Amino acid sequence: QVQLVESGGGLVQAGGSLSLSCAASGRTGSRYTMGWFRQAPGKEREFVGGITGSGGTTRYTDSVKGRFTISRDNAKNTVYLQMNSLKLEDTGVYYCAADSSWVVAPPTRGIDYAYWGQGTQVTVSS
């Protein structure tokens, strides 16, 4: 079992930055692929980005490319989501997810992740 806890959410003005963290505990390790998802009010959950266990491969949805960066510190069992140039449409609950399956690149579907955090709210204001 893996437990995931997100932190770092909050209120930020458009154009600003925010950094989210996802701390993993339990049967963790560098073999876990990590993903970030978000869900805006009234919308379906969507893939934001992900990183493979080694950190060698990252993947982002088009709308955040060039603005968001995912990194991980396996010694601390923590994954980070650095969000810059935030837009109103980035508002939502952000979830981190983990899976132990070996992958070439982080999956974009939520069903491919076995473990989920409780989410942290990110609100971008004008």
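Residues numbered from 1 in each chain as written. Predicted model: local features only at pLDDT ≥ 70, side-chain atom pairs only at ≥ 80, totals over all residues. Heavy atoms only, no water.

Novice: For this particular structure, what's the right way to read the nonpolar core?
Specialist: The tendency in soluble globular proteins is for nonpolar side chains to be buried as a group. Judged by nonpolar contacts, the single largest core of 26 residues is most densely connected at Leu4, Met34, Trp36, Phe68, Leu81, Met83 and Tyr94. Contributing elements (two or more residues each) for this core: β1 (2-7), β3 (18-26), β4 (33-39), β5 (46-51), β7 (68-73), β8 (78-83), β9 (92-99) and β11 (120-125). Per element, the largest residue contribution to this core is 4 residues, and it comes from β3. Other than its neighbours up to four places away in sequence, Met34 contacts Leu4, Cys22, Gly49, Gly50, Ile51, Arg72, Val79, Ala97, Ala98 and Tyr113. (Core = buried A, V, L, I, M, F, W, Y, C linked by side-chain atoms within 4.5 Å. Buried < 20%, exposed > 50% of the residue type's maximum accessible area, 1.4 Å probe, protein only. Helix = DSSP H or I, 4+ residues; strand = E, 2+ residues; numbered from the N terminus. Contact = heavy atoms within 4.5 Å.)

Novice: Is there a simple way to explain the sheet that holds β1 in this structure?
Specialist: By way of backbone hydrogen bonds, the strands of a sheet pair with one another, either parallel or antiparallel. Spatially, β1-β3-β8-β7 is the arrangement adopted by the 4 strands of the open sheet, whose pairing is antiparallel. Each end of this open sheet is capped by a strand with a single partner; those strands are β1 and β7. Across the sheet, the mean angle from the axis of one strand to that of its neighbour is 15°, orientation sign disregarded. Direction of pairing for β3 relative to β8: antiparallel, over a ladder of 6 bridges. Of the residues in β8, the one forming a bridge with Ser19 is Gln82. (Pairing = 2+ DSSP bridges. Axes fitted to C-alpha atoms, helices over the stretch in contact; angles between N-to-C directions.)

Novice: Could you clarify how one ought to interpret the pattern of salt bridges in this entry?
Specialist: Opposite charge on two side chains allows them to pair when their charged atoms are near. Taken as a whole, this structure holds 5 salt bridges when the rule is applied. Linking Arg67 and Asp90 is a salt bridge whose minimum nitrogen-to-oxygen distance equals 2.8 Å. Highlighted residues: Arg67 in the loop between β6 (58-60) and β7 and Asp90 in the loop between β8 and β9, separated in sequence by 23 residues. Residue Arg109 is joined to Asp112 by a salt bridge in which the shortest nitrogen-to-oxygen separation is 3.0 Å. The exposure class of Asp112 is partly exposed, given its relative accessible area of 26%. Taken together, the salt bridges that share partners define one network made up of Arg38, Glu46, Arg67 and Asp90. (Salt bridge = Lys/Arg side-chain N within 4 Å of Asp/Glu carboxyl O.)

Novice: Could you clarify how one ought to interpret the packing of aromatic side chains in this entry?
Specialist: Given two aromatic rings, their pairing is described by the distance between the two centres and the angle made by the two planes. Applying the stated rule across the entire model yields 5 aromatic pairs. Above the plane of the ring of Phe37 lies Arg45, whose end atom (NZ or CZ) is 5.7 Å from the centre. Over the aromatic face of Trp116 sits the side chain of Arg45, whose NZ or CZ is 4.1 Å from the ring centroid. (Phe/Tyr/Trp six-rings, centres within 6.5 Å; stacked < 30°, edge-to-face > 60°. Lys NZ or Arg CZ within 6 Å of the ring centre and 35° of its normal.)

By themselves, these observations are geometric and do not establish any function.
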